[in-house]
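Architecture at a glance
Listed below are the residues making up each chain.
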2 protein chains.
Amino acid sequence: MEETNFEYLHELVSQGNFNNLKNELVEMNEVDIAEFLGELDRDVMIRIFRILPKDLSADVFAYLESEDQGDIIAGITDKEIQKLVDDLFLDDVVDMVEEVPASLVTKILKNASPDTRKLINTYLNYPEDSAGSIMTNEMVELHDRCTVRQAIDKIRKTGIDKETIYTCYCIDNSRHLKGTIDLSDLVFNDETALLSDIMDDDKQLIYVKTTDDQEHVAELVKHYDLLAVPVVDNENRLVGIITIDDILDIIEEETEEDFEKMAALLPSEDEYLKTPVLVLVKNRIGWLLVLMISATLTGSIIQSFEDMLAVITGLTAAIPIITGTGGNAGNQSSTLAIRALALGEIELKDWFKVLFKEIRVAVICGLILGLANFGRMLVLGNPGGMEVYLTVSAAMFFAVIMAKMIGCMLPLLAKLVKIDPAVIAGPVISTLVDSLSLLVYFALAKAFLI
Amino acid sequence: MEETNFEYLHELVSQGNFNNLKNELVEMNEVDIAEFLGELDRDVMIRIFRILPKDLSADVFAYLESEDQGDIIAGITDKEIQKLVDDLFLDDVVDMVEEVPASLVTKILKNASPDTRKLINTYLNYPEDSAGSIMTNEMVELHDRCTVRQAIDKIRKTGIDKETIYTCYCIDNSRHLKGTIDLSDLVFNDETALLSDIMDDDKQLIYVKTTDDQEHVAELVKHYDLLAVPVVDNENRLVGIITIDDILDIIEEETEEDFEKMAALLPSEDEYLKTPVLVLVKNRIGWLLVLMISATLTGSIIQSFEDMLAVITGLTAAIPIITGTGGNAGNQSSTLAIRALALGEIELKDWFKVLFKEIRVAVICGLILGLANFGRMLVLGNPGGMEVYLTVSAAMFFAVIMAKMIGCMLPLLAKLVKIDPAVIAGPVISTLVDSLSLLVYFALAKAFLI
């Protein structure tokens, strides 16, 4: 596929040739149209948005950045808003309402139908990041006592407005979720068959509750390769669905948060280039300060051995090599532990297996690194002589072992006390490892060299 | 949803009650059955796999770990293999062939039909991680000159074996991809309509080539919210599709690789607990050695200033605080730059915007950290007096600025010279930042304190 190129479209805009522009746009994918609109100035964007065919404009709107969505809401008539809110999927309306300024929210709610307004308010009341807050109500519900023929007729009549018709949800008179049926099963089955006879009503019917965390929902969809998952309320009544495209966004969001936490950053919501400098500072300075202050511990350990360091030449130069190697070794272990926890590959009860594995890895890595370091000092003819070489190499060996033990155990410990393991990553562990390896190093030096 | 609990099933196994066990299993989701089988001993697993209904066993097989798949292939008859390979989706067969030992590959190929064997070999020849290597040929192809009625008849006849029937692919006589049509459009349209009139034949028809990288495929599917994407060969002929469930796996795989590279680890393919100790050592020791040896630079900088450090009290103790803070600050910037590159939020041409932003952030962070450090030393009554406090604080200010500039620029530079930016993460940048900040620190100390 070639890269999307909007040059010709921009040319049409600057020529004011909106007729040709419209003809070009209607042939395009809604994602690309939204991207193109995002490149335009506010007024031109609104003008072009308004000339889009009505059935296309809602699709395009859903893919616009929330800032652009706000501009459009502010720039179109009440009647247009009414039509737009009507055409959008409910989850996209809720997303927008959560993002745009309060004055625009009023404008949107005023122009929504009473039913939609009520639903929006219900959705806004679900806890942030819960299944309820991300679901949509545009699913196909079928009564479990109807026939395939009746079901297909219903889908023909109402399905066109639904977010997915590929999985339909079977409910009883009290709206309890009884089973699911794929569109393909309807197409392949006899028209007189009853849904209750052909639907999927496994004991293990897969669904989530409105209050479930979105991360749990994503896990489930990934685990079972689903295209959509039904959402039920506390009385097990079907209230919505969550589709795979929203799941993809959640997975990406949660992964980014892990990357950010592991780099001692507060999670940010916006794209990098769109985040103001002061927000970036705010997201970074907290952890930097905490880690800088806690490095005081390392500093005071060095300080208390300053006399020894001043006397024995060659000791000071090895400090960053020992702490650096320990930090890197610990970082490797903590990253693996944090990710294995996040992906469900390990659990708290596996702590001993993990620790035992890491110790074996650490002993081998520590030996290799210690020997390599001895060779390095020998080759470079470092000052201090054999005793110093041996002391530094031994300190490195122990630093690697401690670093890997701490690196794999702290994330598990964090999980145990309900702290996000990703927060206990590299920088935090380095700070701890630095102090401990220096203590071991100086103890060895004191024992062997003085 | 409750957690899956296999206790009762294990009880049935230990009672040897395979009849009841089978009745329980057929009611379960294939993903859960595979998970349960994975918990069993080899012989019991094979025995239970063989009592599963034939239409279910292929579904379950696709979700087994490759080790278990190999055990089953080794333990069942040629005839059973033949049926299994026939029932599996082609991409799952190819995945298996890529993982199991060579002797089993021969056994599988021997029992595959000549057509399947030829296809497997073709797929195996596509470059690793290319679209061709992950696609499947189980898609619904419809001739663009047929009617809706003919299309639905064809789907009814052949669709049941296809990986997805929700998007069908329209081709001409030479198998060129002409457009796509959703099953829902077939259901909603007049039976006599021609596909060529109702199919989606945007100018921007979305497809990939067999040689495209899987990461590009994942981007595309995410960007356009697709459920499947068609794959064409060099002559633009339809040869396969890639479905969203495989895309999810690719996204996860690529993300994990980024996590691992950023922690100075070689990417591993297996789950943590299943990876042997020596493989873990191999994945870690390389970078640890490289970084340890390169830390020699930092060591020799300290060494060449050892006389000064021995004389001026308080200088040595501040070394880990300055380098640690620089490392953390650089780590934040490099993580953001690497992820923004991976997500396409920034490109090479944005380098100046990124640099300018980071410098502004760095100046503010550096000022705050420098001041905080001055306060810290004052409060703790560090040795060395005001001049030392000022020197350390100034060195910290410059270290943060250098760290953030290097942290944001090196990933872009890596991208420019076609190195994976994730490799230029925390550990590599720390090593560089350590040396530079020490040089600045000692230069300042020399200027102000001697």
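Residues numbered from 1 in each chain as written. Chains lettered and ligands numbered in written order. Predicted model: local features only at pLDDT ≥ 70, side-chain atom pairs only at ≥ 80, totals over all residues.

A look at the overall build of chain A
Looking only at helices and strands, chain A features 22 helices and six strands. Once the C-alpha set of chain A is aligned to its principal axes, its extents read approximately 90 × 60 × 40 Å. Every one of the 450 residues in chain A was classed for burial, and the buried ones make up 45%. Considering only contacts in chain A between residues 6 or more positions apart, those separated by 24 or more positions represent 70%. (Helix = DSSP H or I, 4+ residues; strand = E, 2+ residues; numbered from the N terminus. Buried ≥ 20, exposed ≤ 12 C-beta atoms within 10 Å, placed from the backbone. Contact = placed C-beta atoms within 7 Å.)

Remarks on the relation of the copies chain B and chain A
Superposing chain B onto chain A takes a rotation of 180° combined with a translation of 0.1 Å along the rotation axis, leaving an RMSD of 0.2 Å. Here the symmetry operator amounts to a two-fold rotation axis. For chain B, the smallest separation between a C-alpha atom and the rotation axis is recorded for Ala310(B), amounting to 2.2 Å. (Least-squares fit on C-alpha atoms with pLDDT ≥ 70 in both.)

What to know about the domain arrangement of chain A
Domain annotation of chain A identifies domain 1 (7-125), domain 2 (134-253) and domain 3 (272-449). Taken together, the contact pairs four residues of domain 1 of chain A with seven residues of domain 2 of chain A. (Domains from an automatic or database assignment.)

Some words on the interface of chain B and chain A
At the junction of the two partners, chain B supplies 100 residues and chain A supplies 100 residues. Looking at the side of chain B that touches chain A element by element, the count peaks at 17 residues for helix H17 (residues 277-304) of chain B. For the side of chain B that touches chain A, the class distribution of residues is 55 nonpolar, 24 polar and 21 charged. (Nonpolar A, V, L, I, M, F, W, Y, C, P; charged D, E, K, R; others polar.)

Brief notes about the packing of helix H5 (residues 54-62) of chain B against helix H7 (residues 78-87) of chain B
Residues and elements named next belong to chain B. One can describe the packing of H5 onto H7 by two numbers: an axis separation of 9 Å at closest approach and a directional angle of 70°. Considered as vectors, H5 and H7 are oriented roughly perpendicular to each other. Touching Lys54, Ser57, Ala58 and Phe61 of H5 are Lys83, Leu84 and Asp87, all from H7. Split into classes, the residues belonging to the contact of H5 with H7 amount to three nonpolar, one polar and three charged. (Axes fitted to C-alpha atoms, helices over the stretch in contact; angles between N-to-C directions. Parallel < 35°, antiparallel > 145°, perpendicular 65-115°, else oblique.)

As for the packing of helix H6 (residues 66-75) of chain B against helix H9 (residues 102-111) of chain B
Residues and elements named next belong to chain B. In the contact formed by H6 and H9, the axes pass within 10 Å of each other and the chain directions differ by 60°. Taken together, the axes of H6 and H9 are oblique relative to one another. Both H6 and H9 take part in a crossing whose hand is left-handed. Residue-level inspection shows Gly70, Ile73 and Ala74 of H6 in contact with H9, the latter providing Leu104, Lys107 and Ile108. Classifying every residue of the contact of H6 with H9 gives four nonpolar, one polar and one charged. (Left-handed = near helix turned anticlockwise from the far one by under 90°.)

A word on the sheet that holds strand E6 (residues 238-243) of chain A
All names here are of chain A. The sheet built from three strands is open, its strands ordered E4-E5-E6 with mixed pairing. Across the chains shown, the open sheet's two edge strands, defined by having one partner strand only, are strand E4 (208-209) and E6. Direction of pairing for E4 relative to strand E5 (residues 228-232): parallel, over a ladder of two bridges. Across the sheet, Lys209 pairs through a bridge with Val232, a residue of E5. Across the face of the sheet, helix H16 (residues 244-262) comes into contact with E5 and E6 while running at roughly 65° to E6. (Pairing = 2+ DSSP bridges.)

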